[in-house]
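Structural characterization, general
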Amino acid sequence: MKIGYWQIQIHIEEALQRKGYTPVPLDWHDPEWHRQFARSGCQAFIWYPHALHDQWYKLWDRAYFIEQVLGKRCFPGSFTSYLFQNKQIQKYLAEYYNFPMPATHLLTSRQQARDLFDRTEYPVVVKDIWGYGGH
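In short, a report on the structure. Computed from a predicted model, the values in this text were never measured in an experiment. (Residues numbered from 1 in each chain as written. Predicted model: local features only at pLDDT ≥ 70, side-chain atom pairs only at ≥ 80, totals over all residues. Heavy atoms only, no water.)

Check the secondary structure of the protein chain and you find 6 helices and 4 strands. Within the protein chain, the fraction of its 135 residues that count as buried is 32%. Partitioning the intrachain contacts of the protein chain with sequence separation of at least 6 by distance along the chain shows that 49% fall at a separation of at least 24. Surface accessibility of the protein chain: about 9,300 Å² in total, with carbon and sulfur atoms responsible for 56%. (Helix = DSSP H or I, 4+ residues; strand = E, 2+ residues; numbered from the N terminus. Buried < 20%, exposed > 50% of the residue type's maximum accessible area, 1.4 Å probe, protein only. Contact = heavy atoms within 4.5 Å. Areas by Shrake-Rupley, 256 points an atom, 1.4 Å probe, with all protein chains shown as cover.)

On to the packing of aromatic side chains, then. This structure, assessed with the given rule, holds 7 aromatic pairs. Between Trp28 and Phe37, the aromatic rings sit 4.9 Å apart at their centres with planes inclined by 70°, giving edge-to-face as the arrangement. Pair check on accessibility: Trp28 and Phe37 agree, each one buried. Taking the centre distance of 6.2 Å and the plane angle of 25° together, the rings of Trp28 and Trp47 count as stacked. Taken together, the residues span a long stretch of sequence, with Trp28 in the loop between β2 (22-26) and α2 (33-39) and Trp47 in the loop between β3 (44-46) and α3 (53-68) at a distance of 19 residues. Members of the aromatic cluster, connected to one another through ring pairs, are Trp28, Trp33, Phe37, Phe45, Trp47 and Phe65. (Phe/Tyr/Trp six-rings, centres within 6.5 Å; stacked < 30°, edge-to-face > 60°.)

Here we take up the sheet that holds strand β4 (residues 73-75). Spatially, β2-β1-β3-β4 is the arrangement adopted by the 4 strands of the open sheet, whose pairing is parallel. On the outer flanks of this sheet lie β2 and β4, each paired with one strand and no other. Each strand axis lies, on average, 25° off the axis of its neighbour in the sheet, ignoring direction. With 3 bridges joining them, strand β1 (residues 2-6) and β3 adopt parallel strand pairing. Within β3, the residue paired with Gly4 across the bridge is Phe45. (Pairing = 2+ DSSP bridges. Axes fitted to C-alpha atoms, helices over the stretch in contact; angles between N-to-C directions.)

Let us look at the pairing of β2. Remember that side chains alternate between the two faces of the sheet whenever the strand is regular. Pairing between β1 and β2: 5 bridges, direction parallel. Each bridged residue has a counterpart across the sheet, and for Tyr5 the counterpart in β2 is Pro25. The parallel pair β1 and β2, bridged by helix α1 (residues 10-18), forms a crossover whose chirality is right-handed. (Right-handed = clockwise from strand over helix to strand, strands pointing away.)

Let us look at the nonpolar core. Among the nonpolar cores identified, the biggest contains 15 residues, and Leu26, Trp28, Phe37, Phe45, Trp47, Ile66 and Cys74 are the most heavily contacted of them. Elements represented by at least two residues in this core include exactly β2, α2 and α3. Top element by residues in this core is α3. It accounts for 5 residues. Contact partners of Cys74, with chain neighbours within four places excluded, come to Phe45, Trp47, Ala63, Ile66 and Glu67. (Core = buried A, V, L, I, M, F, W, Y, C linked by side-chain atoms within 4.5 Å.)

Attention shifts here to the environment of His29. Positionally, His29 belongs in the loop between β2 and α2. Measuring from C-alpha to C-alpha, the distance between His29 and Lys58 comes to 8.0 Å, with 29 residues separating the pair along the chain.

Below, the structure is given as structure tokens:
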């Protein structure tokens, strides 16, 4: 089985070879990435969503294209990657499935923030909705 991977992730190439797969390095930032992926003959693709926001969206688009246009498997998938980045959706899912989590508030205005800070005990963690990895 041929598995495409982001060419900068050499550790993935080595792991795939050890498992008997044929790794195919791909340039996920190439202007012709979509043609490159389609021509690759890969049955699946692997990427790592660790890039900065502007790059992450670009890579997330690639994962979506792989799954929805090429009809191939991608790990992590576009939905999983979306959850990785979006704190708002994480909160909704945690509430829906009744997962334990710290008090979480989604604020959309300065007044909401002021009101919350007036009645909140400290310490408190404040993050933007796309924050991750301690950023």
